[in-house]
Amino acid sequence: MGIRQGPVGALIGTVDKGFWSGRSVLITGHTGFKGAWLTSWLLSMGARVAGYSDRVPTEPSLFSLSGLGDHINDMRGDIRDLDALESVVRAEHPDVVLHLAAQSLVRASYQRPVETYAINVLGTVNLLEAIRVVGGVPVTLVVTSDKCYENHEQTRGYREDDPKGGHDPYSSSKGCAELVAHAYQASFFSGSDAGRVATARAGNVIGGGDWSGDRLVPDVMRAALSGRPVSVRYPNAVRPWQHVLDCLSGYLVLVQQLWDDPTLQGGWNFGPDSSDHRTVSDVVTRLSDLWPGEISVALDAGEQLHEAGTLALDCTKAHQDLGWSPRWDFDESLSRVVEWFVTYSDQGDIAAVTNAQIEAYELSKGVAR
C-alpha cells in the first residue's frame, strides 16, 4: 500500500520528531528494558519525560548505565497506589501517558500469581482511574503483550479481535488488562472531548540492555559475557522476534495518529514479518555466530512449565490503517543486540551506542508494503 501523508506533512507510519518535541510524556515502568529505550528515544526527540516506577528492576540496567535519571523527572512509586498515581497525573499534566509498568515474566507469574494480577490488572485499573479522575490527558496507551490472546497453537497470527485469555497467570493477567482498558475506554473515554485510550501488543522484544531473568536473549548474553553455558528451554518453540525499536516505533506512531483520530482507539498488534517468526534454537545459533567469542549451550532438563509452542501476531491492521511496518529483520536485530553487548563488555559508552542505534533505526528504510 502507499504511505499516506499526515496533516503536517509527516509520513504516516513513521515516528515524527516534530510531534514529540516539547511534548509532556509520562511513562510508567520507565526503568525497565523497554521503558529505558523509550525514554532514550523520546529524550532524543526533545520530549519532556517523567517516569514512574517502583525501582530499577535489574543490576546492571540500561536505565542506570545510560544515566537517564539525570535527564527526566524520575519518580519512585507503586502502580498499585491509586492516590500516588492521581498525584503524579495531576502534577505532571501529561500530554501522553505510556503505561509499561508490569510484572513481565511468565515463570515469575507461576511463583507470584497474586502479585502478577495485582500489578498487571489492578495497576492498569488504578492508572486509568487516576487519568479519569484528574482528566485532561489527551492520549493514553496501555502496553500489554502478544500473550494476551487465548492460545490455540494455531499457525496463523492472532488478530486484534481474537479472544483474550491465557494458560499461565502472566498471559491471563495481560488478557485481563486488555479487558480493563476496553471497558474504561468505552465507559469513560468515548466522548468527543474525552481523552483517547488504546492498547498495544508486541511480540518477543529483543535488544541491547535487557538483563531480565528467564528470557532467552538476556540469558544467552549473560552466558557469553561470563563464559558459562547457556541453559535453553523449549528449543523448538516459535516466537515473533522483533527489535525493541520496531516495537516502540509502533507505539509512537499509534499515539501520533490517535492524537487526531479517535476512531483509532482499541487494540493494535505490532510484530515482525512472518519470516522473522523463528525458533528458540534459531536465535541461539545466530547469536553464537555473531558473538566474537564462544557460546556453549546446554538443554535445560529441569521442570518445564507450560509455554505456548507457537505464537505469532497478524499485524495487517497496523500496516493498513497506520502505515506502520517493521524496519529491522531478524539478522539485523540480533546484530544490533550483539553490537550493544560487545560495547558493554568493552566498557564502552552505553548512552552513545544506544543513541547511535536509535539514529540508525530512524535512518533505515522501512519494509516495502
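Residues numbered from 1 in each chain as written. Predicted model: local features only at pLDDT ≥ 70, side-chain atom pairs only at ≥ 80, totals over all residues. Heavy atoms only, no water.

A. The arrangement of the pattern of salt bridges in detail. Taken as a whole and assessed by the stated rule, the structure comprises 17 salt bridges. A salt bridge links R112 to E115; the nearest nitrogen and oxygen atoms lie 2.7 Å apart. Accessibility expressed as a relative area gives 38% for R112, which makes it partly exposed. A salt bridge links R233 to D214, with the shortest nitrogen-to-oxygen separation between them at 3.6 Å. Here the residue R233 occupies a position in the loop between β8 (230-232) and β9 (238-243), and D214 occupies one in the loop between β7 (204-206) and α8 (216-226), the gap between them amounting to 19 residues. Judged by its relative accessible area of 40%, D214 falls in the partly exposed class. Through salt bridges with shared partners, one network takes in R107, D214 and R233. (Salt bridge = Lys/Arg side-chain N within 4 Å of Asp/Glu carboxyl O. Buried < 20%, exposed > 50% of the residue type's maximum accessible area, 1.4 Å probe, protein only. Helix = DSSP H or I, 4+ residues; strand = E, 2+ residues; numbered from the N terminus.)

B. Seen up close, unusual backbone geometry. The step from E59 to P60 runs through a cis peptide bond, and the omega angle for that step is 5°. Along the chain, P60 turns up in the loop between β2 (48-53) and α3 (62-65). We note that Y234 has phi near 50°; this positive angle belongs to a residue other than glycine. Mapped onto the secondary structure, Y234 falls in the loop between β8 and β9. Overall, the relative accessible area of 22% leaves Y234 in the partly exposed class. Despite not being glycine, Q347 has its phi angle at roughly 60°, a positive value.

C. Examining empty space enclosed by the protein more closely. All chains considered together, the criterion is met by one cavity of 30 Å³ or more. As a volume, the largest cavity reaches approximately 40 Å³. In this structure, the largest cavity is lined by H99, A101, N120, T124, V142, V143, T144, K174 and A177. When residues of the lining of the largest cavity are traced back to their parent elements, those giving at least two are α6 (113-134), β5 (139-143) and α7 (169-188). Of the residues that constitute the lining of the largest cavity, the class distribution is four nonpolar, four polar and one charged. (1 Å grid on protein atoms, 1.4 Å probe; cavity = no way out; pocket = protein on both sides within 12 Å on 5 of 7 lines; lining within 4 Å. Points joined across faces, edges and corners; volume = space filled by probe spheres on them. Nonpolar A, V, L, I, M, F, W, Y, C, P; charged D, E, K, R; others polar.)

D. Examining the packing of aromatic side chains more closely. Enumeration over the complete set of coordinates arrives at twelve aromatic pairs. Ring geometry for F19 against W20: centres 4.9 Å apart, planes inclined by 80°, an arrangement best described as edge-to-face. Since its relative accessible area comes to 11%, F19 is described here as buried. Seen from their ring centres, W340 and Y344 are 6.3 Å apart, and the 10° between their planes marks the pair as stacked. Separated by four residues within a single helix, W340 and Y344 lie in helix α12 (residues 330-345), roughly one turn from each other. Under the relative-accessibility criterion, W340 is labelled buried at 0%. Overall, the relative accessible area of 26% leaves Y344 in the partly exposed class. Members of the aromatic cluster, each reached through a chain of ring pairs, are W211, W340, F341 and Y344. The side chain of R23 reaches across the aromatic face of F19, ending 4.1 Å from its centre. (Phe/Tyr/Trp six-rings, centres within 6.5 Å; stacked < 30°, edge-to-face > 60°. Lys NZ or Arg CZ within 6 Å of the ring centre and 35° of its normal.)

E. Up close: the packing of helix α4 (residues 82-92) against α6. Relative to each other, α4 and α6 sit at 50°, their axes nearing to 9 Å. One way to sum up the angle between α4 and α6 is to call them oblique. Judged by the twist between their axes, the crossing of α4 over α6 is right-handed. Only N126, L127, E129, A130, I131, V133 and V134 of α6 make contact with α4, whose side of the interface consists of L82, L85, E86, V89 and R90. For the contact of α4 with α6, the per-class residue count stands at eight nonpolar, one polar and three charged. (Axes fitted to C-alpha atoms, helices over the stretch in contact; angles between N-to-C directions. Parallel < 35°, antiparallel > 145°, perpendicular 65-115°, else oblique. Left-handed = near helix turned anticlockwise from the far one by under 90°. Contact = heavy atoms within 4.5 Å.)

F. Local environment of the nonpolar core. Ranked by internal contacts, the top residues of the largest apolar core, which has 79 residues, are W20, L42, L98 and M221. At ten residues, the largest contribution of residues to this core is made by helix α9 (residues 244-260). Those residues within four positions of L42 in sequence are excluded, and the remaining contacts are W20, V25, I27, A47, V49, L98 and L252. One finds V88, I131, V137 and F189 within the second-largest nonpolar core, a separate group that totals 23 residues. (Core = buried A, V, L, I, M, F, W, Y, C linked by side-chain atoms within 4.5 Å.)

Such coordinate-based values are descriptive only and should not be taken to indicate function.
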